[in-house]
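Listed here are the chains, written in short residue letters.
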Amino acid sequence: MEQAEIIIDCHYGGLNPVQFGQEICRAGHYFGPAVRTHWLLHYVVSGMGYFTREGVTHEVGEGEIFVIPPYMETYYEADRDRPWQYIWIGFTTQEALPEVFEQPVISCPDVGELFDEMKACGSMENGRSAFLSGCLWKLVALLLEKGKPRADVIDKALNCMHSEYSRGITVQEIADRLGLDRSYFSTLFSKRVGMPPGEYLINLRLKKAAELMRLHQERPSTAALSVGYDDICHFSKIFKKHFGMSPRAYIATACHDAGR
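Quick caveat: nothing in here was measured; it's all calculated off a predicted structure.

Helix and strand content of the chain: nine helices and 10 strands. Relative to its length of 260 residues, the chain is extended, with a C-alpha radius of gyration of 27 Å against a globular reference of 18 Å. Summarising its shape, the C-alpha atoms of the chain cover approximately 80 × 40 × 35 Å along the three principal directions. Taken over 260 residues, the chain has a buried fraction of 42%. Residue pairs in contact within the chain that sit at least 24 positions apart in sequence constitute 66% of those at least 6 positions apart. Carbon together with sulfur atoms contributes 51% to the accessible area of the chain, which is approximately 14700 Å² in total. Charge centroids of the chain, computed over 27 positive and 33 negative side chains, lie 12 Å from each other.

To continue, consider helix α8 (residues 232-243). Since one α-helical turn is 3.6 residues long, residues separated by three or four positions face the same way. Taking 1.5 Å as the rise per residue, α8 with 12 residues should run 16 Å; its terminal C-alpha atoms sit 16 Å apart, in good agreement. Looking one or two places after α8, you find Gly244, whose phi comes out positive at around 80 degrees.

Attention now goes to the sheet that holds strand β7 (residues 64-68). Taken in spatial order, the six strands make up an open sheet running β1-β2-β9-β4-β7-β10, and their pairing is antiparallel. Lying at the two open borders of the sheet, with one neighbouring strand each, are β1 (2-5) and β10 (105-107). The average angle at which neighbouring strand axes cross in this sheet is 20 degrees, direction not considered. Of the pairings in the sheet, the one linking β1 to strand β2 (residues 15-24) comprises four bridges and is antiparallel in character. Looking at β2, one finds that Gln3 is bridged to Gln22. Helix-sheet contacts for helix α2 (residues 128-145) involve β1, β2, β4 (39-46), β9 (85-93) and β10, and the interaxial angle to β2 is about 85 degrees.

Moving on to unusual backbone geometry. Cis geometry is adopted by the peptide bond preceding Pro33, which originates at Gly32 and carries an omega value of 0 degrees. Considering the arrangement of structural elements, one finds Pro33 in strand β3 (residues 30-34). Even without glycine at this site, Glu54 takes up a positive phi of about 55 degrees. Structurally, Glu54 can be placed in the loop between β5 (48-53) and β6 (56-61).

Quick look at the packing of helix α3 (residues 153-164) against helix α6 (residues 197-216) now. When two helices pack together, you describe them by how their axes are tilted relative to each other and by the distance separating the axes. Viewed as axis vectors pointing N to C, α3 and α6 meet at an angle of 30 degrees, and their least axial separation amounts to 10 Å. It follows that α3 is roughly parallel to α6 by the angle criterion. Along this stretch, α3 crosses α6, giving a crossing that reads as right-handed. On α6, the residues touching Leu158, Met161 and His162 of α3 are Pro197, Tyr200, Leu201 and Leu204. The residue inventory of the contact of α3 with α6, partitioned by class, reads six nonpolar, one polar and no charged.

Definitions and limits used
- Residues numbered from 1 in each chain as written.
- Predicted model: local features only at pLDDT ≥ 70, side-chain atom pairs only at ≥ 80, totals over all residues.
- Heavy atoms only, no water.
- Helix = DSSP H or I, 4+ residues; strand = E, 2+ residues; numbered from the N terminus.
- Rg over C-alpha atoms; globule rule 2.2 N^0.38 Å.
- Buried < 20%, exposed > 50% of the residue type's maximum accessible area, 1.4 Å probe, protein only.
- Contact = heavy atoms within 4.5 Å.
- Areas by Shrake-Rupley, 256 points an atom, 1.4 Å probe, with all protein chains shown as cover.
- Lys, Arg positive; Asp, Glu negative; His and termini not counted.
- Charge placed at Lys NZ, Arg CZ, Asp CG, Glu CD.
- Expected span 1.5 Å × (residues − 1).
- Pairing = 2+ DSSP bridges.
- Axes fitted to C-alpha atoms, helices over the stretch in contact; angles between N-to-C directions.
- Parallel < 35°, antiparallel > 145°, perpendicular 65-115°, else oblique.
- Left-handed = near helix turned anticlockwise from the far one by under 90°.
- Nonpolar A, V, L, I, M, F, W, Y, C, P; charged D, E, K, R; others polar.

Here it is, written out as structure tokens:
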């Protein structure tokens with residue numbers, strides 16, 4: 001028994017759903033060999049079956065997803081004794097999908113609740129495509145978490161600095177977020193980056209402030225506040241120490257160089 005929903009192709013730029021449905025397959029039900037023009041994922045709710053991709057046949061059971069990429073010939077068939085029941089979703093995308101989507105079969109029972117949640121789209125009229133697009137992003141997030149080692153703490157710290165330098169984030173705050181002693185964090189950071197985190201953060205802020213003044217003609221006071229310094233005198237002092245001239249002199253030099 002097959003139940004498919006009508007999905008309006010909204011041409012979303014990220015993950016754009018084009019197909020959704022579920023089926024309780026009869027014994028030996030098969031499809032293919034065939035080629036799709038979009039991505040198609042089948043999550044097996046119960047039972048089992050066989051999926052052939054690139055000449056290799058895989059036995060697929062409950063809690064697993066078999067993955068059909070666009071323009072790749074595939075074949076799948078339900079087991080004759082325990083035919084599968086599955087939920088499928090098809091989508092197009094211009095995004096570079098995570099490496100996990102390169103696998104023919106993904107074992108991830110934890111996403112069962114999400115696929116079950118997707119069925120709520122059947123009661124929607126105008127928000128169906130947007131809802132399924134959101135579910136696809138949640139699926140990507142769950143699969144990214146699956147079996148991956150924890151992100152490197154220094155990578156996390158660097159990302160934090162580059163995204164939050166403007167609000168005046170401190171080394172202590174970063175260490176606290178990472179659950180590390182500040183001294184230990186500083187040692188790890190220095191070994192990896194070649195300078196203490198405090199120095200790196202100051203250099204980053206001053207570089208961004210200089211760009212604001214040189215490229216966007218911002219005043220020193222505006223540049224200072226924009227990179228996390230609310231004390232203009234302190235900002236001017238460390239700026240001069242770093243660049244060898246005051247912010248105003250820096251602006252004058254930049255203007256002179258641009259006029260050449």
